[in-house]
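Examining the three-dimensional arrangement
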Amino acid sequence: YDSITFEEAFIDGTKIEANANRYTFVWKKNVIKSLGKLKEKLSAVCQKLLALTGVDASALGDTALLDYLSKECRDSDIAFVHGTGKHKHPLQRIHEECEAVVEKRLEYEAHLGIMGERNSYSKTDNAATFMRMKEDHMGNGQLKPAYNVQFAVQSEYILGVGIFANTNDTRTLIPFLQQLEILHGRKIEHVVADAGYDSEENLAWLDRNGYLTVIKPKTYKVNKKRSYAEQIGRAENMQYDEAKNEYICAKGRRLRYAGTTTKKNSSGYMRESKVYQCSNCNYCSKRSECQRSVAEHGPMQSKRIFIADNYLKLQEKNMQLFSSPKGILLRINRSIQVEGSFGVMKEDFKYKRILRRGKENVYKELLMLAFGFNMRKLHNRIQSGRLGTRLFAVKEAC
């Protein structure tokens, strides 16, 4: 109905605070650190057992050691006592210490199981992750339990909603588009998004699956600054000798091809980069400008640069559409339509904190919100005579 054609989708995300206590956090680093300390406690238990009975149980795990201690207590007819004024047998004390180690290990492993690949979660809503929010109630940058909510908008209507635990938008694009394909049974022609979605993995997947992209490059704003052109250590500001496949630095020295390196990210994507290295950077008057870490940490290896050819080709293809009149029109509409939908949701609907708990419940809640938003939008478009209008026109300067 109206003007939903799936010709383009404007995608953006925002963080919305979860319905969870702000101070019921569990941090992965703390859990892993505490889990490591249990080995020392188990070793201390083994030492006490060795001193008491002469049995070396250091080769046993905590569960096996607890089973052994339970058997020894039963065989020795040791009656466990509790409460003040009761004298505990030394073997009972060792048994209780070992039992505490096992319980804590199971607790920490349960925390890690709930967390998965995340770095934190909330005890009152296990699906919520602690994120840095724009709305900072204490003014100190404190993290709060939240969800990363993704919207896909076309013709001012919300086409789909995505709920993610990622603190940034980069890793949400591919699963969100896959979700939209399943939901609507078709692909979107143009994917329009901001710089938060720019990565080689995303661009490669979009290109492989036949999407056209209007994604703002990460360095789009930086490239326009004069200071960027003055950074002589960047490959973009060096002269390239295509015949010899070498880069020439500001001092006139050559960076020769030194091989190819492959790096795998957390999602399993393999990124290849060509390595170019200068044979000798000693006694170079521009070294502190070219290698900023030299000024901070002293001498280091000669200058190296990494060139990801595949990423550069994908960015070039994206920039052709991004810089075209159609790309400019889509970019302007992205900021109006999808960011406008978040503005309506937060300011007009006063929806700044999720009401339900659990990822599935949160998703249903946001779907209901999207339904209400779309009905309201349809009414407004009928009243203003804008039915059938997909895009806002670019206003020309006088």
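You'll find the structure just up there.
1. Some words on the pairing of strand 5 (residues 143-154)
- Here strand 5 lies mainly inside the structure; eleven of its twelve residues are buried.
- As paired strands, strand 1 (residues 8-17) and strand 5 are joined by eight bridges and run antiparallel to one another. By the bridge assignment, Gly13 is partnered in strand 5 with Gln150.
- Looking at chain direction, strand 4 (residues 129-132) and strand 5 are connected through four bridges and run antiparallel. Paired with Arg132 across the strands is Leu143, a residue of strand 5.
- Taking the residues that link successive antiparallel strands as the turn, the strand 5-strand 6 (residues 157-164) hairpin has two residues, and the phi of Ser155 there is positive, at about 55 degrees.

2. With respect to the packing of helix 10 (residues 325-348) against helix 11 (residues 359-384)
- With their axes 12 Å apart at the nearest point, helix 10 and helix 11 run at an angle of 105 degrees to one another. Compared by their axis directions, helix 10 and helix 11 come out roughly perpendicular. Here helix 10 contributes Ser341, Val344, Met345 and Asp348 to the contact with helix 11, which in turn contributes Leu369, Phe373 and Arg376.
- Residues that form the contact of helix 10 with helix 11 fall into these classes: four nonpolar, one polar and two charged.

3. Structural notes on empty space enclosed by the protein
- Going through the model one piece at a time under the given rule, you end up with two cavities of 30 Å³ or more.
- In this structure, the largest cavity is lined by 14 residues; those nearest its centre are Cys249, Cys281, Cys284, Cys290 and Lys303.
- When its volume is computed, the second largest cavity comes out at roughly 30 Å³.
- What lines the second largest cavity is simply Phe151, Ile158, Ser341, Met345, Phe349, Leu369, Ala370 and Phe373.
- Contributing elements (two or more residues each) for the lining of the second largest cavity: helix 10 and helix 11.
- Here the lining of the second largest cavity gets three residues from one element, more than from any other, and that element is helix 11.
- Of the residues belonging to the lining of the second largest cavity, the class tally is seven nonpolar, one polar and no charged.

4. Topic: the pattern of salt bridges
- Taken as a whole and judged by the stated rule, the model has 27 salt bridges.
- Note that Lys317 is salt-bridged to Asp207, the shortest N-O span being 2.5 Å. In this pair, Lys317 is assigned in helix 9 (residues 309-322) and Asp207 in helix 5 (residues 200-208), connecting sequence segments 110 residues apart.
- Residues Asp348 and Arg376 are paired through a salt bridge, measuring 3.9 Å at the closest nitrogen-oxygen approach. Here the residue Asp348 occupies a position in helix 10, and Arg376 occupies one in helix 11, the gap between them amounting to 28 residues.
- Taking relative accessible area as the criterion, Asp348 reaches 48% and is therefore assigned partly exposed.
- Taken together, the shared-partner salt bridges in this structure form one network comprising Glu7, Glu8, Lys326 and Arg390.

5. Focus on the layout of surface pockets
- For the largest pocket, the calculated volume is near 1200 Å³.
- Lining the largest pocket are 47 residues; nearest its centre among them are Glu236, Arg271, Tyr311, Leu312 and Gln315.
- For the lining of the largest pocket, the leading source of residues is helix 9, giving six residues.
- Size it by volume and the second largest pocket reaches roughly 490 Å³.

Rules of the game
Residues numbered from 1 in each chain as written. Predicted model: local features only at pLDDT ≥ 70, side-chain atom pairs only at ≥ 80, totals over all residues. Heavy atoms only, no water. Buried < 20%, exposed > 50% of the residue type's maximum accessible area, 1.4 Å probe, protein only. Helix = DSSP H or I, 4+ residues; strand = E, 2+ residues; numbered from the N terminus. Pairing = 2+ DSSP bridges. Axes fitted to C-alpha atoms, helices over the stretch in contact; angles between N-to-C directions. Parallel < 35°, antiparallel > 145°, perpendicular 65-115°, else oblique. Contact = heavy atoms within 4.5 Å. Nonpolar A, V, L, I, M, F, W, Y, C, P; charged D, E, K, R; others polar. 1 Å grid on protein atoms, 1.4 Å probe; cavity = no way out; pocket = protein on both sides within 12 Å on 5 of 7 lines; lining within 4 Å. Points joined across faces, edges and corners; volume = space filled by probe spheres on them. Salt bridge = Lys/Arg side-chain N within 4 Å of Asp/Glu carboxyl O.

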